[in-house]
Amino acid sequence: MDIDHTLEQSLFAEKTARQPGLLQELDPRLKILSALLVLLAVGLSRNLTVIIVLYFLMLALALFSKIPLAFFIKRVWLFITFFTGVIALPALFITPGTVLVYLPLGLVITKTGLATAMFFLLRVGTSVSVAVLLVLTTPWNSVLKSLGVLRIPPVIILILGMTYRYIHLLLHLTNDMFLSRKSRLLRRMKGPEERRLIAATTGTLMNKSLQVSSEVYLAMQSRGFRNYPRTMDTFKMRRIDWLSGVLVVMMVAAAIWLGK
Amino acid sequence: MAVGRAGGHDGCSSHLVGKIGNLQIMETPPIFDVNGLCYNYDNQIPALEHVSLTVRRGERLVILGSNGSGKSTLLKILDGLYFPNQGSVIAFGRLLTEQAFQEEAFNFEFRRRVSLVFQDSDVQLFMPSVWDELAFAPLQLGLSQEEVKSRVESALRDLQIEKLRQRAPHQLSGGEKKRVALASVLGLSPDVWLLDEPSAGLDPLSTAWLLDFINQQGKAGKTVITATHDLGIVDAIAERVYVLGEDHQGVAEGTPHQVLADKALLISSRLMRP
């Protein structure tokens, strides 16, 4: 079931984020800032080779962070094939330029078209790799807490953290609701019946989430919450973090300069 | 056995109530004094009707009642989360009203001294990790970062959940969630624990651990008020039992032995099969 799959993926990401590895050892705030800088370099680069080098660098980092490469590549490119591929595909055929391949129905693939599509796909692929690598090597909780370094207000970070926490609760609940329905179903349901049931389930879930949210607010009040959250982080920059930061800045500067 | 007020004087000094030989029996001052409390949900559905109750410092009280009798609502009122439609609740000599909680000093002092552990641990555990959960209450009360860290580490050690510190609540078992829920208020070192159905959904080992925890708090001089319908734990954790009936009113109070021996009372309160 899709809900099970989502929960499994989330648990897997937490597991890889907590195992020992190169990126797992670094300060989450540094990883967030570095990820933003690499995204900037990927976005600004007009040189395909620079983007390819950056992509392979992401693969190397994944390898040294003990992320299974097959899983990492699949997670990035599966998404891109479905969504970005659909957008990039027309560029292959409609961009004017030197013809590379003649296809049936009068379609042609041009050199410029191929380069444009490749640029687009690689840019998105490398950017998604950066984001996936960040999530797979940093516990989600630390990612959220590190957003403070980007000057995001604590109340927004608190809301994001609670949203993440309760999405899991509601996913579990939805899963249980569907399983309980399945266990009582004696025949296959027809379309309208199925839709009515899904609508009812959605309504129940909405009611449950409202009820939980008001109880959670009481639980917060009970522990001293006064509508303005006080938070703290326990991160500490070590020498290895500063050194990694300098390396990232140099690499990004080089990528932007070479990619001009 | 009749419903009776256990006492009703205000103030904070101890009060001499009797003498056995040379031993003076001191009646400890009330922490909560509930008088004629009525509470309705949406001003229509009655949850509590004319409840009167006094809770003394250091007492281990069980509020016993069937599902829907109003136990959870009573705990929320004692924690200053809901306010009576009628009647009054006096805590530490001060009337609990919404206005009282607007005062920063009173809110701080009350929240530091009284803590509620919700029945549903998923409601209690709203932060993304166990460490953050434990740090939440000390942080909200404005303690220094060093003090917060020290309290969190101490709570993790006391409840033997150090290994769970970075785990997310959805990755915990029911027993672990209950421990973390208790630890989440232990950091405040409250004088009064309000526990809502603490044994619900726990396996026998976790329940035994929980009963030990409640008794440890009692021995440490803390006031522990537990709402439950679990007759099996009453004797182990209570010095006094207050029974809420199906009509949302207090129907009896006495020692665990007295209450558990009264089958007619338990049957009429839907706590036992006829």
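Here is a short report on the structure shown in this document.

What counts and what doesn't
The numbering scheme is per chain: residues are counted from 1 as the chain's sequence reads. Just so you know, chain letters begin at A and ligand numbers begin at 1, following the order they were written in. Totals for whole chains, interfaces and linings use all residues, but because this is a predicted model, local features are given only for residues with pLDDT of at least 70 and pairs of side-chain atoms are given and counted only at 80 or more. Side-chain calculation: all heavy atoms of the structure are included, whereas hydrogens and water are not. Only buried Ala, Val, Leu, Ile, Met, Phe, Trp, Tyr and Cys residues count toward a nonpolar core, and they belong to the same one when joined by side-chain atoms within 4.5 Å. Burial status follows relative accessibility: with a 1.4 Å probe on protein chains alone, a residue under 20% of its type maximum counts as buried, one over 50% as exposed, and anything between as partly exposed. Only heavy atoms matter for contacts: two residues are in contact if any of them lie within 4.5 Å across the pair. What makes a salt bridge here is a side-chain nitrogen of Lys or Arg within 4 Å of a carboxyl oxygen of Asp or Glu, nothing more. Secondary structure elements follow DSSP: runs of H or I no shorter than four residues count as helices, runs of E no shorter than two count as strands, and numbering proceeds from the N terminus. A quick way to say it: buried area is the sum, across both parts, of accessible area lost when two parts are put together, with a 1.4 Å probe. Each aromatic pair joins two rings of Phe, Tyr and Trp (for Trp, the six-membered one) with centres within 6.5 Å, and gets the label stacked for planes under 30 degrees apart, edge-to-face for over 60, and tilted for any other angle. Note on geometry: a ring has a charge over it if NZ (lysine) or CZ (arginine) is within 6 Å of the ring centre and within 35 degrees of the ring normal.

Moving on, we come to the nonpolar core. Residues and elements named next belong to chain B. Judged by nonpolar contacts, the single largest core of 50 residues is most densely connected at Phe32, Leu78, Phe110, Phe126 and Ile225. Not counting the four nearest positions on each side in its chain, Leu78 is found in contact with Phe32, Val34, Val89, Leu96, Phe110, Val114, Leu194 and Ile225. Judged by nonpolar contacts, the second largest core, of 44 residues, contains Trp131, Val152, Leu156 and Leu172.

So, on to the pattern of salt bridges. Residue and element names in this part refer to chain B. Tallied over the full model, the rule gives 22 salt bridges over all chains. The residue Arg111 makes a salt bridge to Asp79 at a minimum N-O spacing of 3.6 Å. Taken together, the residues Arg111 in helix α3 (residues 104–113) and Asp79 in the loop between α1 (71–78) and β6 (86–91) connect sequence positions 32 residues apart. As far as burial versus exposure is concerned, Arg111 and Asp79 are alike and both buried. In this structure, the salt-bridge partner of Lys177 is Asp122, at a minimum N-O distance of 3.1 Å. Here Lys177 is found in helix α7 (residues 174–186), whereas its partner Asp122 is found in helix α4 (residues 121–124), with 55 residues between them in sequence. The exposure class of Lys177 is buried, given its relative accessible area of 15%.

Taken residue by residue, the interface counts 31 residues in chain A and 39 residues in chain B. Counting the surface lost from both chain A and chain B, the interface buries some 3200 Å², and carbon and sulfur atoms represent 55% of this. At the junction of chain A with chain B, the criterion picks out five salt bridges. Linking Glu133(B) and Arg223(A) is a salt bridge whose minimum nitrogen-to-oxygen distance equals 2.9 Å.

Once that is clear, we can look at the packing of aromatic side chains. In this structure the tally under the stated criterion is 17 aromatic pairs over all chains. On the basis of an interplanar angle of 85° and a centroid distance of 5.2 Å, the ring pair of Tyr39(B) and Tyr41(B) is categorised as edge-to-face. Using a relative accessible area of 29% as the deciding quantity, one classes Tyr41(B) as partly exposed. A centroid spacing of 6.0 Å and a plane angle of 85° characterise the contact between Tyr41(B) and Tyr82(B), whose relative ring orientation is edge-to-face. Pair noted here: Tyr41(B) is in strand β3 (residues 30–41) and Tyr82(B) is in the loop between α1 and β6, with a separation of 41 residues, a long-range link. Residue classification places Tyr82(B) among the buried positions, given a relative accessible area of 16%. Joined through ring pairs, the aromatic side chains of Phe32(B), Phe83(B), Phe92(B), Phe101(B), Phe106(B) and Phe110(B) make up one cluster. Between the NZ or CZ atom of Arg165(A) and the centre of the ring of Tyr166(A), over which it lies, the distance is 4.7 Å. Sitting above the plane of the Phe106(B) ring, Arg94(B) keeps its charged end 4.8 Å from the centroid.

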